[in-house]
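Residue-level listing of the chains:
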Amino acid sequence: MSSHFSKKEKVDVILPQTTKETNILSKHIEDFQKNGIQITTSLYSSIQIANDKYKLICRASKIGVPIPKFHLTNCKKTFLEAIKTLGYPDKKVVVKPRLSNGMRGLRIISDTPISLEQFLNEKPDASQIDLETILKIFSNGKHWPEMLVTEYLPGWEYTVDVFRTKKQLVIIPRIRYKIRSGITFETKIDMHNDIIKYSKLLSEDIDLNYCFGFQFKLDHHKVPKLLESNPRVQGTMVTSAFAGFNIIY
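None of these values were measured; they are calculated from a predicted model.

## So, the sheet that holds strand β10 (residues 183–189)
Overall, antiparallel pairing links the five strands, which are arranged β10-β9-β8-β11-β12 in an open sheet. Edge positions in the sheet fall to β10 and β12 (224–230), since each of these pairs with one other strand and no more. When strand polarity is set aside, the average angle formed by the axes of neighbouring strands in this sheet is 35°. In this sheet, strand β9 (residues 169–180) lies alongside strand β8 (residues 157–164) in antiparallel orientation, the contact comprising seven bridges. Following the sheet pairing, Val160 is matched in β9 by Pro173. Helix α9 (residues 193–206) contacts β8, β9, β11 (210–218) and β12 of the sheet and is inclined by roughly 130° relative to β11.

## Focus: the sheet that holds strand β7 (residues 147–151)
Strand order in the open sheet made by the five strands is β3-β7-β4-β5-β6, with mixed pairing throughout. Pairing within the sheet leaves two strands with one partner each, and these edge strands are β3 (70–73) and β6 (128–129). Docked against the sheet, helix α5 (residues 53–62) engages β3, β4 (93–97) and β7, running at close to 145° with respect to β3. Sheet strands touched by helix α6 (residues 76–85): β3, β4, β5 (107–109) and β7. Its angle to β3, the strand with the most contacts, is close to 170°.

## Considerations on the state of the cysteines
Going through the model one piece at a time under the given rule, you end up with zero disulfides. Its sulfur unpaired, Cys58 is 18 Å from the next cysteine sulfur, which belongs to Cys75. Accessibility expressed as a relative area gives 28% for Cys75, which makes it partly exposed.

Cut-offs used in this document
Residues numbered from 1 in each chain as written. Predicted model: local features only at pLDDT ≥ 70, side-chain atom pairs only at ≥ 80, totals over all residues. Heavy atoms only, no water. Pairing = 2+ DSSP bridges. Helix = DSSP H or I, 4+ residues; strand = E, 2+ residues; numbered from the N terminus. Axes fitted to C-alpha atoms, helices over the stretch in contact; angles between N-to-C directions. Contact = heavy atoms within 4.5 Å. Disulfide = S-S within 2.5 Å. Buried < 20%, exposed > 50% of the residue type's maximum accessible area, 1.4 Å probe, protein only.

Printed below as a string of C-alpha cells:
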C-alpha cells in the first residue's frame, strides 16, 4: 500500500487526524519509511496509552499529575458501587467509555431537578442524564460496557496543544468556553503554569511526538486534573497560531 501511494500519489508525509488513523498508521511507521513516507504520529506503544483513558490516568497518577477520583466498572454492580462511592446522588458523577473520543459516550449523571428558570433560559445539555435512563441504555446491550466513572469537576475545561520532537517542545493551553460535539467553538489562550508543567511530564513519560494534546478540567479548588489525551491533530489546534506558534505547520 505505501509503495503504491509513494509512486502514484507522490506522498512525502501523512498527517493523521483521527483516533482510528493513529491506531492503524502507528503500527506501520517503519513500512512507510522504507518507501520514503514519513508519518507524523507517535509510536504504537505510546498511542495505546494515550487513547486508553484508564491507562492514561493510571500513568499520570504515578508521575504526580493530578487526576479525578475514578473507578473502572464492567457490570451493573460495580457501576452502582462506583457512583455511590463518588457521592451520588448528592454529587454529580461522570461516566465515559474507556476507549472513545470526541465526547462519544460521555454523560454527566445527575438527578437534580431542572428549575423553570433553567428550562426557559438555558439551552438543553445533551451530556446530562439521569441514573434510570442510563441503566436502561446499558441493560439493552448484549454485554455491559466497560466504563470509567469519575468525580464531576465544576471548573473550566482546558485543551492543551503540544508539539514535541527530540529538539523542541511547545505547550499552549487554552480555555474551552464553548464546546459542541467535542469540538471547541470559542477558546482563549491561557498559559496556565501547572497545566504546562503537567503536560510536559506526560509528554515525556508517555513519549508522545509531533502534534498532540491533553485535556484538563479544574476542580472545586481550581486544581487542574487530567481528563484525556488526543495523540493527534486536535480540532481547534489552529488557535495555537494566534499564540505565535503554528503547531500543525
